[in-house]
Amino acid sequence: MQGNKWLIAGGLLSAAAALLHIAIIFGGANWYRFFGAGEGMARAAEAGSVRPVLVTTGIAAILLLWALYAFSGAGLVRPMPLLRTGLVLIAAIYLLRAFAPVPMLILRPDRVDSFVVWSSLAVLVFGLLHAIGTWTAWPHLTPGGNARAAGLP
């Protein structure tokens, strides 16, 4: 469904989150701390370890792939493989992450800080955009249907 505003917004947010993760790599240890990566990641970045770069690059790559799936569902790019399945899984992962603090509040309330709360609210928005967009685009997400809607061969 070309122009699905929900999926376009979700894709833009996923892409922005990916770019933020890339910026964190260049921002260094203080950025890792500020954005809640934990003291271990910050210290590893200070020590020049490649681990924070690899982990953060991996997260950025996944977020960019998710943006591509959202844009594909919106008909802006060619259909991605297993588009329906991918969009459902992306929405589910975002929503599961959004609600992760609920059991944490019971099991480990000491681990729920402002970063956990704010990041959960952010990914709740991401997940809702992907879920609503997938729901509204569902009839158009058939094999080849997306390509026709986007005017692609």
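Scroll up a little and you will see the structure.
Model, not experiment: these values are computed from the prediction.

A. Here's a closer look at the overall build of the protein. For the protein, the count of helices and strands is 8 helices and 0 strands. A total of 153 residues make up the protein; the buried ones form 35% of that total. When contacts within the protein are restricted to residue pairs at least 6 apart in sequence, long-range pairs at least 24 apart make up 66% of them. Of the roughly 8,800 Å² that the protein leaves accessible, carbon and sulfur atoms contribute 74%. Averaged over its 10 positive side-chain charges, the protein has a centre that lies 20 Å from the centre of its 4 negative ones.

B. Layout of the packing of helix α3 (residues 39-46) against helix α4 (residues 51-73). It is the contact of α3 with α4, at a shortest axis distance of 8 Å, that shows an interaxial angle of 120°. Between α3 and α4, the angle is such that the two are oblique. Facing α3, whose interface residues are G40, M41, A44 and A45, α4 presents R51, P52, V55 and T56. Residues that form the contact of α3 with α4 fall into these classes: 5 nonpolar, 2 polar and 1 charged.

C. Representation of unusual backbone geometry within the structure. Positive phi, close to 50°, is recorded for L82, a residue that is not glycine. Relative to the helices and strands, L82 is located in the loop between α4 and α5 (83-98). L82 sits in the exposed class, given a relative accessible area of 67%.

D. Spotlight on the nonpolar core. By size, the foremost hydrophobic cluster in this structure holds 19 residues, and its most contacted members are L7, L63, Y69, L83, L87 and Y94. Discounting chain neighbours no more than four positions away, the residues touching L7 are A70, G73, A74, L87, L129, H130, G133, T134 and A137. I24, A29, Y32 and M41 belong to the second largest nonpolar core, which has 5 residues in total.

E. Broad picture of the pattern of salt bridges. Per the counting criterion, the structure on display carries 4 salt bridges. The closest approach of N and O atoms between E39 and R33, which form a salt bridge, is 2.9 Å. The partly exposed category is assigned to R33, whose relative accessible area is 29%. E39 is paired through a salt bridge with R43; the nearest N and O atoms lie 3.3 Å apart. Of this pair, E39 and R43 both sit in helix α3, 4 residues apart, which is roughly one turn of that helix. Each member of the salt-bridge network shares a partner with another, and the members are R33, E39, R43 and E46.

F. Highlighting α3. Within the span of α3, buried status applies to M41, A42 and A44. The arc that holds the buried residues of α3, viewed along the axis, is 160°, so those residues lie on one side. Counted as exposed and oriented over 90 degrees from the buried face of α3: R43 and E46. Check the buried side of α3 and you find it contacts α2 (29-34) and α4.

G. Seen up close, a nonpolar patch on the surface. Residues L19, I22, F26 and L64 make up a contiguous nonpolar surface patch of roughly 430 Å² in combined accessible area. Counting residues per element, the nonpolar patch draws most heavily on helix α1 (residues 5-27), at 3 residues. Position of L19 relative to the elements: it lies in helix α1.

Criteria and cut-off values
Residues numbered from 1 in each chain as written. Predicted model: local features only at pLDDT ≥ 70, side-chain atom pairs only at ≥ 80, totals over all residues. Heavy atoms only, no water. Helix = DSSP H or I, 4+ residues; strand = E, 2+ residues; numbered from the N terminus. Buried < 20%, exposed > 50% of the residue type's maximum accessible area, 1.4 Å probe, protein only. Contact = heavy atoms within 4.5 Å. Areas by Shrake-Rupley, 256 points an atom, 1.4 Å probe, with all protein chains shown as cover. Lys, Arg positive; Asp, Glu negative; His and termini not counted. Charge placed at Lys NZ, Arg CZ, Asp CG, Glu CD. Axes fitted to C-alpha atoms, helices over the stretch in contact; angles between N-to-C directions. Parallel < 35°, antiparallel > 145°, perpendicular 65-115°, else oblique. Nonpolar A, V, L, I, M, F, W, Y, C, P; charged D, E, K, R; others polar. Core = buried A, V, L, I, M, F, W, Y, C linked by side-chain atoms within 4.5 Å. Salt bridge = Lys/Arg side-chain N within 4 Å of Asp/Glu carboxyl O. Arc of directions from axis to C-beta. Patch = residues over 30% accessible without salt bridge, like charges linked within 9 Å, V, L, I, M, F, W, Y side chains within 5 Å.

Nothing here speaks to function; it is all geometry.
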